[in-house]
Structures are given as C-alpha cells and as structure tokens.
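# Geometric and topological summary
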Amino acid sequence: MDQTTTEIPPKIFTCQLCGLSSPFVYYGQKPPNTRAIVLLEECFVTKDPFSPEKEKFLVLGSTCSLCSLCVCVASDCSLFYTKRFCMRCVNKHLDQFPHQIQAELAKKKQQSSKAAVS
Amino acid sequence: MDSHRRTWDWDSSQCRAQMDQVFFREQDYIQAGSPDHKEFWAFFDRFQRFKTKKDMSGVAKEDRGDGTDRKKAKVDLGLPKEYDARYRINVSVCSRDIEERLGKSEHRGRQRSSGPGPQEISDCRLALLHFLDFTQRQSFGKLAKLRREQKNLPIFQYRDRIVELVRTHPVVVVAGDTGCGKSTQVPQYLLSAGFSYISCTQPRRIACISLAKRVSFESLNQYGSKVGYQIRFETSRTTSTKLLFLTEGLLLRQIQQDKTLSQYQVVIVDEVHERHLHCDFLLGVLRSLLAERQDLRLILMSATINIKLFSDYFGSAPVLQVPGRLFPIQVVYQPIPPDEQPSRSEKLDPRPYLRILQGIDQRYPPEERGDLLLFLSGMTEISTIQEACQVYATHTRRWIVLPLHSTLSIAQQDKVFDIAPPGVRKCIISTNIAETSVTIDGVRFVVDSGKVKEMSFDPKAKMQRLQEFWISRASSEQRKGRAGRTGPGVCYRLYAESDYDAFAPYPVPEIHRVALDSLILQMKSMCLGDPLSFIFIDPPPASSIQTAVTYLKEQGALDSRGELTSIGSLLAQLPVDVVIGKMLVLGSLFHLVEPVLTVAAALSVQSPFLRSTQHNPDCTTARQPLHSNQGDPFTLLNTFNAWVEVKGERGGGSRKWCRRRGLEEQRLYEMVNLRRQFKDLLRSHSLLESEGGSSAPSAGDRGQRRERLTERRRLHQMKRDHELQEGGKRKVLRLEEGGDGGLSSGSDTEDKSRGRKDKDRQNMDIQEVKFKLRHNVSQLQEAVTVSQDLSSRQQALLKLLLCRGLYPQLALPDEHNSTRKDSEQVFHTKNKQGVVIHPTSVFASDPEVLHVPEDDGGEMGSDKRDSSRHQLLAFVTLLETNKPYLSNCVRVPALQALLLVANSMDTNADCTRLVVDGWLELELRDPSEALRVLSTALKLRAEWERLLLAQLGQSGAAEPAAAEQAVSRRATEKLSEGLVRFLLYTEVSYSLRRLTALQTQNLYVGPQAESESSSSETPDLSVLFPGAQAKPDPIKGGLRVTSFFTYNCLMDSKDLYSECLRTFWSCPNCDLYMPLTPLERMHHEASCRPAGEQQESQDGAESEKASSSSSSSMSSLTRVYHCDVCNEDLKLTSTEILKHKRQHMYTAK
Ligand SMILES: [Zn+2]
Ligand SMILES: [Zn+2]
C-alpha cells in the first residue's frame, strides 16, 4: 500500500501560551476565496469548521507584534488593538493601553481568581 | 443631503436591500440571501440598540488622555490616543463604495440619489466588522471548547503512547472504562498521526452513525466526508473518507470480498469485551489475516474486562490501560426478603422496588436532580414493576415512569432521553439494553435486580430459548457505573454481597449460546477450512459446530462432504438467516420474486405490529383487512403492500395510517430497505433480470426527468438541513407522560401523543425524505401491485416456496385440537412436542382453519382421521419463553408439501405407507392413488431441482446466454403449473400422525443379504434422478431411489419383486401393457414421456428404435446388461432391461 506516502501532513498551528493546536491552511493577510476580506495582520487561517459554507474562514492566531510569540486569538492568550499583542506583552506594557482595556483585563482577572477559589 | 437622510430608514426592507448592494453582493464574503446575511441583519439591530444605549449613558465621551504615563515607557507601542472598539478588530472589508472610490467600477453610476449616504454606509460597515469579529469569536470559542474537552479526557495523556505503540506493534489492546474517551479519541489520534484508511468497527449500527458524527465534528470535518460511516443500508463514505465507522458484520462481508482487506491500513475493533458472535469471529479472521498483511495495524478496544484474554490471543499484544472517568458510586446491597421473592410462576413482587423509590424521596430533596435507572430481566417484569411504580408516581407526583426495551416504538424509546420537569425524577425501567447499548445521562440512582434474560439455542429441541439468569460481575459493575456518569451516585443491588461474589466473572459469550449456522456458512464461504480447527478466541463447543454443519446439510447449503453447494455459496452472501435466503433463491426461479422479496424482508426485521396495541380494539379493527388466514407472512405481505400504496397516495400521511393500526413505521422502512438490498443481491448474482423495459426511468420524457432531479435536490437539501439541526434540545416531559407507556393499550394513539406531535412530524419528514431518496415510489408501487391480489394458484405456489425455505421447521397440529379451546391448541415439531402458537400469530386467533374438516372423512371406516385436507405449519421461529412458542407461521397442505420438500421419505412396497423425516406417518388407502401421487411428486421434484441448479449455475456464469434463459423460462412456467396443479388438485384421502418413540425405533427392515438385491438386478434409476442410483440402503434396507426417497424399507413392507404386487398397468404414453411392481411402474413413468414433450434430446430415450441407433447421447443412458438366460451382453436402457427380463419371466412360467 502506497497510500500512506501520498498524504501530505497538515501544517499545524500551536499557540505557544495555551498549547491549543489545530491544522491551518493559510498564513497571511488575504484568506483564500474571500475576495472582499483583508486581514490587518498576518494570520494563521483555517476553514471555519463550524460553517457548512466552504469559503468561511477562521483565524486561529498570529504572532505577537512585540515578541513574535505565536499566539491564538483566545482572550487569555492575546489581544488585538491595532496590532497583535501576546498576553505577556500586554501585561508588561499594560500602562500604554487605554483604560477601557485595562479595566476589562482587571475585571477578568478578578473573575478568574474568584472561579479558582470556589 | 439632509433631505436624503430623512428618507433613510434602517427598518425598511428597501433600504436594507440597497445596503445589500454595497456589502453583500455576489462576490462578497457574505451574500444577500444566505443564512449569514440574515444573521447579520439581526446582529445589526442588536448592535444599533447597544450603540444608542452607550451613547445615552455617555461613557464613550470620557477621555482622560493617558499621555503622561506613556512617556515613561521604554517601548512606545504607538497605540492611538483615543480608544475605539474598532481598533480591536483585525479584519477589513472591501465593499462597493471602496471599490468605487478606488475607481475600480466607475462605470457604475454614482448618482444614486436615493441610495445610502456615507454615514449609513459607514454605520453599516462598522456593524459588519463587528459582526465578522463576533462570528470569528464564536467559532473560535467552539474550537477552544472542543480542544479543552478533548484535553480533559482521561485518554488524552496517553495520546502519544498510543500512537507510538501502534507504530511499533501490529496489535495493540486499549482498555478503558466508560467515559475515558477511547471510542472517539483513538481514531482521531491515529488520523492526526498520519494514518489514513482507518476502519473502526462497532457492535451497533447506531453507534456507527453517532460516532462518525461526533468524530467528524471533533476533527473539524463536520461538513466534509473525511470521517464516515457505513451500515447495512446507509453510507456516508466517499473517496476522501479516511476514517470509517462500520458494523462488525459489514467488515466481515468486506473481508469476504477483499480477502486481505487491502483497503485499510488500520482496523480498530471496538467493544471487544461485549463478545458478540461477529466480533469473536472477526478477531479470529483478523488474527490469521495479520500473517499475510504485515503492514496492517490492529487495535482492540475494550472495557477493563478480561483484557489478558485478548492480549494472549494476539501473542501477548501490548495493553494500554486507561482509567475511566466515573464519579464515586455508593453500593447498597438490599437483598429481597424471602417472603417477597418471586416464585417461578408468580409475578414479580414490586415491594422491594417501591421501597427504593420511597427511600429516595425521603432521603434526597427533590431539588437535587438525578434520575433512576432500574434493570429488570424482561418485558413482563418491566410491565409488572411499571404498573406498581406508576401508582406510586401518580400519588406522589414526583416520578415519571418510563419503560425501555427493544420492542417499544422508537418514539417511546426516545422519551427516556427527555428531561423531567423540576422536582420530578425519571424512573426508567429497562432491560439490559441500558447496560451498554443505550446511554442515558443524568442517572444518579441505579437499581439492579441482578437478573438478565438471555437467548440460548437448544440443539436437541432445535429451539431458541429465552431464559432468566443471574448476571455476571462484569455486567453488575457495568450497571452500577451507569449511576456515576454525571455525578456521584448510588447503586442499589437487590441481592446480597455473597450473591455478587458467586456471580460468574463475565457474561457467557454469544458464541457459546447461539446457533452457529450462519457463522459456519460464512466460514465455509471464506474458505477458512474445517470450522473445528479454526482458532477462536474462545472456541465454541464442537457439538454446536457439528449441529450447525448438520443443519446446513439438511438445508442443502453444504453437500455430504461438508463443502459449500452452489446454493450455499449464494446463501453465504445474503445477510439473513439461511431459511430466508433459501426463500429468496427459490422465489427468483418462479415469477414470484416481488412477493418473496417482501416476505423475506418482513421476516428479517422485528414485527411492525406493536405489542402494546395488541389489545386495543380500534387497532385490531383497523388491522383486520390486513390479516390473512394463510399465515403471518401473508399478513405481513398485505401490510407492506397496503403501506406502499398509502405512501404512494399520501406520502407522509402514512405515519398516521400506521398509528391507527398500531404499526411501527420504522420497521416498514427497514423492510423496504432490506427488500431493495435483497433485490440488488439477487440481481448481482444474475438471479434476477436487471431493471429495464417499460418501467425504466429513461422512458419518462425529459421534463419528467428534470422534475425528478429537482425533487431529489430538494430532498437532499432537506436531509442536510435535518442533519444540521439534529441533536437539538431535549424536550421536557410532562408529568402525565409516563405511566401507560407499554402497559395499557393505545399509549401511542393520536390523542395521547398530541404533545409530541411536533417531534413526530419532524421525524416523519426525515424518514419520508430518506425513503423518497432511496426508493422510486412508483416503481415500488408497480412491484407491489404484482404481489397484491395473488391468485389462489400464485398463493399456493408462494406457500410452497416459503415452506421449502423454512423446511424442516414444520409443526403438526395435535389430532385433538378441534375439541380444544382456541387458547389450548397444541402442536408438535419433530424435536419438540407440545408447542403453542404465539398470541401474535393469525392462527392464535383463528385456529379453526387448521382443523381437519369433520365431514371430510371420505370412507367412514374405523379410522376417522382420513382426510385430504391435512395441514402442517411451516414456521420461522420456535422460541421458548414461559412456553415454547411458534411464530410467523404459514399453513400448507401436508401430503403435497412433504412430498415436495422433505429430505427423507420412506415407503412400504406399495407406497401406501409413507414415513417422512422419521417422525410423520402418512397412510393412503388406495395404492394406485398413492403411486400416482408419489410419482408425480418425484417428477416435479426432479424437474424443480434441475431448473434450480441451472438457475444457480447461471448465476455463476458471467453472462447468461439469452437463449438459455428463454428455455428455462418456458420450463419454469411448466414446472410452476405442475406444482400448482399438484398442490391444489390432489384429492387423496390419507391419515397423518406423529410416530411414537417406540415406532420410530422399529421403523426399518434394515439391510438385507438376499441375492436378489445384488447390484446387477437393481434397476438403474439414474434417468429419473440424475446422479442418484437406486441401490440398497445400507441402514434402512429397501432401495434408495434418490437422496431423499427410500423405497420399501419400512418394517411392514413386502418383498420388492414379489409377484403378488405386480398389477397389470397400461402406460398412457406408450403402448406398454404388463404387470409391474410399483417401482417398475414409477420408473417407466419417469422415463416415458408423452409424445411431443421431448424437449431435451437426453430425455428422448424411451423408444426402442431410438436406443438401437447408437448415438452418443443414447449411450449414456444404456448400459451393458448380461442376460443369464440368453447368455449374451446387451446394450440396453434400464426400461429395456426390465422388459427384457420380463420376457424370460413369462416364458419360464
Ligand atoms: Zn492560546
Ligand atoms: Zn509578546
């Protein structure tokens, strides 16, 4: 059986913070088959597995604009504010972010610590 | 601009349509009219409301400029000074307005005075960006949740280890308990490790579908076909399928076609611990296949039961044990006190069960959710306890009592998954179906009776038996585990701990309990050699293999040396019981394929008649027109035909039609699918002409075809839609919904299930859709019309076919039945006396049709049992529960049916006494009639056999010659004519009785040493029965004329050539007139055909003239005969030898 050799192993995206990993089909700003869409950062993109339509894409993550860490788009791992920042960098430079974001993060921290206690 | 603005209205559909032309064009990411587009506008409304609210609270306006801090930072991130939520979105959209601004499409007029202004466009763009961000977050959230759940499964830690083991070992055993995730995860681990062409077998069809669905979702291929399933009638497999879930039986069939299973790289056999017959066999087959396929990887997955057995069987294969994920379960032993123990004949005492319900009500507050699952051994037990619990439930209003067993309708079974209202618990009373097959979440309490009813096969009585046993410790643990799936639980065991310790460790594997006919047949067809030397994981007793071999020989599937016959090899490919398979093959010979297909399908699925509605007078009345007193297969045939007609006329309305009659429509859908599969199988074996001619779809004009195509597209869409919304939210049960589930009648009638109508309708639609996709209703109707209104002749022939298929499953009505009550009618089979008819059978309600008419005595001699109307029952199953029951019976005329199908017929010298299969004795009064009947039967059988063999031989050939087929068609018509005439117009009076044990002992004369029966004297009967030579039977004595007929071997018989038996007889066909013994006469009759009927050259051997001309075709029929009187070697046919000998006899006198 030569079936095994013909398979190209899929490219895997892995978040360096939370470990989430999933195959991706495209890296860049212009997801395939989406004429009108332009991403504002270079992203790891896959087909949206939860949509029946073939052209729907899903951004898995990208690289931190400061430290180049590969991070997923989960709010625990990164934040996009004109650029992508990993959570480590966000925390390091928290003072430079608008207070709306600061407040939001503080609130989330509070919530998660509460959840951990209970 | 101002005036324009005032006309803009976001709520106007016109305005939205204009906006659509900017953002949702054909080439855009989201197109107008798509589901996403609809969602966008819903989102838009929410978004606008949110914005207005925010604007009013004025939060957005506060701006404190954090510039002072920023200067201190080492790195300037260069973030905008003012916060805008838009900066958090990493997507931009190119829409018409931007394209126009960029001059891409300046030919499009800019002067749309009534169009949206820049502000509206900008508002909409903002909403769209937020919408896209929202959908991204939503999908990513799902993905993250999925990955989180996968990570949390106990098996996740072993992921790399599993892949590593599979890479380095041909066989790996993965053992893990419920909830460890092995069934869903292991195939995915292998997929992502780069294995493809993976098959994963399941013991149950439903599991194949649900696992394929789950795994394709988890492996992010929900809308692709990378993960598929294949079950008997359905497949989602495509060329891109890399992982296939399929049933064990189906994989075995694939091995039958593809000996090395080259289509797979990996085979996973799941749930091996359940030890199903197919699974045990599959393991054996795979074990020998591994030697040939070194690259094949085999993974056995099991609960942590008896793991060593599997590992040892595959040469100490490595075992990876994964802990399950169960919450702690408290075990309470509550043995039933002696005075509440059920005695054998009595009903179960409900008090121990009620005490547990009460105890739960006292100990656990109703706000604490958690349902109860109660295991009982069978349906009778379930209804007893259900009744008692329902009284308690009605009183306390804290329980909804639901039964669960396989004979419930699908809708009723489904109820156990619905949710109880707050403060109320479900009390599910189930057979062991809920032990492994059905998994119900939310169970907190388990009550285990410790009993199970299991089917076993009694080879002595040739009977299935459903008996109650103690369960095994493994089952006991499995039952307990059902309480700890979603939280900590309690398991009440209604037996003592010492009982538990005394239980067998594991359940008895199926291979030790059931008849092995199908298994042996399949082994033969797979060329696996002697079944006795096949290495099973746990070999069945040699005696049950032997029983199966004997049975298959009786059925003609194996020849005397145990090799597969041509009919046997065909039967091996049919996924049904041997008897049903035989019917199909027989039906294909005559023009009765359509009804036989239906009957065979109907007998292979569960009865569509719901037990629960059996005593409902409305249902009984409505069913009445479907009943046939010819037998249950005919009732089923009528039912199916009527249903197809309703489907043709009313489509989905058939559901209501079924409900009125207490029919489970699901079974009819199964029938129609199975029927189709049978048809395809017969066709693929050239036993059926392929579809064509007038009914071909190409006959329709183009318009019709296009219509059908559009229709199909629509149906496919409906099916897809249904699949998308499937697995939606569970319904909340109403308090009244429990109770009469399967107990009192009419639980499933319309008025009571009104609350469920929506769900029903949805179910109905999808069933109807699948039905229409799979079947061409009008073609089906045509087929059905053929089998509707069968003439009495066709009916007689069909009955004969069923009888021959079912043979030797025959039952004789007891001679005193006519004096007994309807409910006390007794029957006897060869191996089991005193069986009764199952109450669901038509003969249970109408037994008179089986009685011998009283006035039909013929001669009013001493023997009153003489009649020409004796009947036998051919039956599909003999199953002992509390009594031995016959089900699915058809009545047949006794003498005719036996003569045409029996494997063993013994006669006395004048053929007036006949013993069939060593247990039925028929006595005919008139010797000449007896001879006539017997010789007709022999002729018919020989011809039937010849045609059947020709038909089967044809099926082996690649392309049957058209001419050949035409010949056989004419011959077939003639044969069926002959059979029908024999069945309907044989008016011979005879007695019919069962031999006593003593009589069967002294039945035969035994071998005789007389010189008279030496071989040279024996007439050669090979003309009549090709391949069989009449020779003395070494055991019975007398002459073995054919494989099934031994002449003159019965004890009271007179001598073969005794002069007194010779009577003068003139042949109606030739001018022969001389005294002949019965045998000589039969022999002559067989070889002497009326003039003009000599179709085949071989058969034209009757005239002396022809025989003297020594053509080569003749020589095969003549043989050298040395006449002692003439002292000369003569070349004569056997008839001529007889004539020649007779000359000397007369001259000697
Ligand atoms: Zn992450
Ligand atoms: Zn960073």
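Residues numbered from 1 in each chain as written. Chains lettered and ligands numbered in written order. Predicted model: local features only at pLDDT ≥ 70, side-chain atom pairs only at ≥ 80, totals over all residues. Heavy atoms only, no water.

Turning next to helix H21 (residues 578–589) of chain B. Given a rise of 1.5 Å per residue, twelve residues ought to cover 16 Å, and the 17 Å separating the end C-alpha atoms of H21 of chain B matches this to within 8%. Buried residues dominate H21 of chain B, accounting for twelve of its twelve residues. (Helix = DSSP H or I, 4+ residues; strand = E, 2+ residues; numbered from the N terminus. Expected span 1.5 Å × (residues − 1). Buried < 20%, exposed > 50% of the residue type's maximum accessible area, 1.4 Å probe, protein only.)

Okay, the sheet that holds strand E5 (residues 243–247) of chain B next. Whenever strands of a sheet pair, they do so through backbone hydrogen bonds, lying parallel or antiparallel. All names here are of chain B. The strand order across the open sheet built from seven strands is E4-E5-E3-E6-E7-E2-E8, with neighbouring strands paired in parallel fashion. Strands with a single pairing partner mark the edges of an open sheet, and in this sheet they are strand E4 (227–230) and strand E8 (319–322). The sheet shows a mean angle of 20° between the axes of neighbouring strands, taken without regard to direction. Pairing between strand E2 (residues 171–176) and strand E7 (residues 297–302): five bridges, direction parallel. The residue bridging valine 174 from the neighbouring strand is methionine 301, located in E7. (Pairing = 2+ DSSP bridges. Axes fitted to C-alpha atoms, helices over the stretch in contact; angles between N-to-C directions.)

A general trend in soluble globular proteins is that nonpolar side chains are found buried together. With 162 residues, the main nonpolar core has Val269, Leu300 and Trp643 of chain B as its most contacted residues. Among the elements that line this core, the one with the most residues is helix H33 (residues 927–956) of chain B, at eleven residues. The next biggest cluster of nonpolar side chains, apart from the first, holds 49 residues, and it includes Cys15, Tyr26 and Leu60 of chain A together with Trp41 of chain B. (Core = buried A, V, L, I, M, F, W, Y, C linked by side-chain atoms within 4.5 Å.)

Here the focus is the coordination of the zinc ion (ligand 1). Residue and element names in this part refer to chain A. The protein atoms donating to the zinc ion (ligand 1) are Cys15 (SG), Cys18 (SG), Cys72 (SG) and Cys77 (SG), with metal-donor distances spanning 2.2 to 2.4 Å. Around the zinc ion (ligand 1) sit four donor atoms; with metal-centred angles ranging over 105 to 116°, the donor geometry is tetrahedral. Sequence spacing among the residues donating to the zinc ion (ligand 1) works out to C-x2-C-x53-C-x4-C. You can see cysteine 15 sitting in the loop between strand E1 (12–14) and strand E2 (21–23) and its partner cysteine 77 sitting in the loop between strand E7 (70–72) and strand E8 (78–81), a full 62 residues away along the chain. For cysteine 15, a relative accessible area of 3% corresponds to the buried category. Residue classification places cysteine 77 among the buried residues on the basis of a relative accessible area of 3%. (Donors = N, O, S within 2.8 Å, 3.2 Å for Na, K, Ca; no water. Tetrahedral: all angles 85-135°; square planar, octahedral: opposite > 155°, others 65-115°.)

All names here are of chain B. Model confidence for chain B is summarised by a mean pLDDT of 82, while 84% of its residues fall at 70 or above. Model confidence for chain B, summarised as mean pLDDT per element, is weakest for helix H37 (residues 1104–1108) at 39 and strongest for strand E6 (residues 266–269) at 98. Counting contacts from residues 857–863, a segment whose pLDDT is below 50, to residues more than four positions away or on other chains yields four contacts. Here residues 1011–1027 is modelled with pLDDT under 50, and outside its nearest four sequence neighbours on either side it reaches 37 contacts, counting other chains as well. (pLDDT = per-residue confidence, 0-100. Contact = heavy atoms within 4.5 Å.)

In this section: the coordination of the zinc ion (ligand 2). All names here are of chain A. Protein coordination of the zinc ion (ligand 2) is provided by Cys64 (SG), Cys67 (SG), Cys86 (SG) and Cys89 (SG), with donor distances spanning 2.2 to 2.3 Å. Taken together, the four donor atoms coordinating the zinc ion (ligand 2) and their angles of 105 to 113° define a geometry best described as tetrahedral. All donors of the zinc ion (ligand 2) come from a single chain, and their spacing in sequence reads C-x2-C-x18-C-x2-C. One end of the pair, cysteine 67, is in the loop between strand E6 (57–63) and E7; the other, cysteine 86, is in strand E9 (residues 83–86), and 19 residues separate them in sequence. We classify cysteine 86 as buried; its relative accessible area is 0%.

One open sheet accounts for four strands, arranged E3-E5-E6-E7 (chain A); its pairing is antiparallel. The open sheet has two edge strands, strand E3 (26–28) and E7 of chain A, and neither has a second partner. Averaged over all neighbouring strand pairs, the angle between strand axes comes to 30°, with direction disregarded. As defined by bridge partners, E3 of chain A adjoins strand E5 (residues 43–47) of chain A across three bridges and the pair is classed as antiparallel. Looking at the pairing, tyrosine 26 of chain A lines up with valine 45 of chain A of E5 of chain A. On the sheet, helix H6 (residues 118–152) of chain B packs against E6 and E7 of chain A and is oriented at approximately 80° with respect to E6 of chain A.

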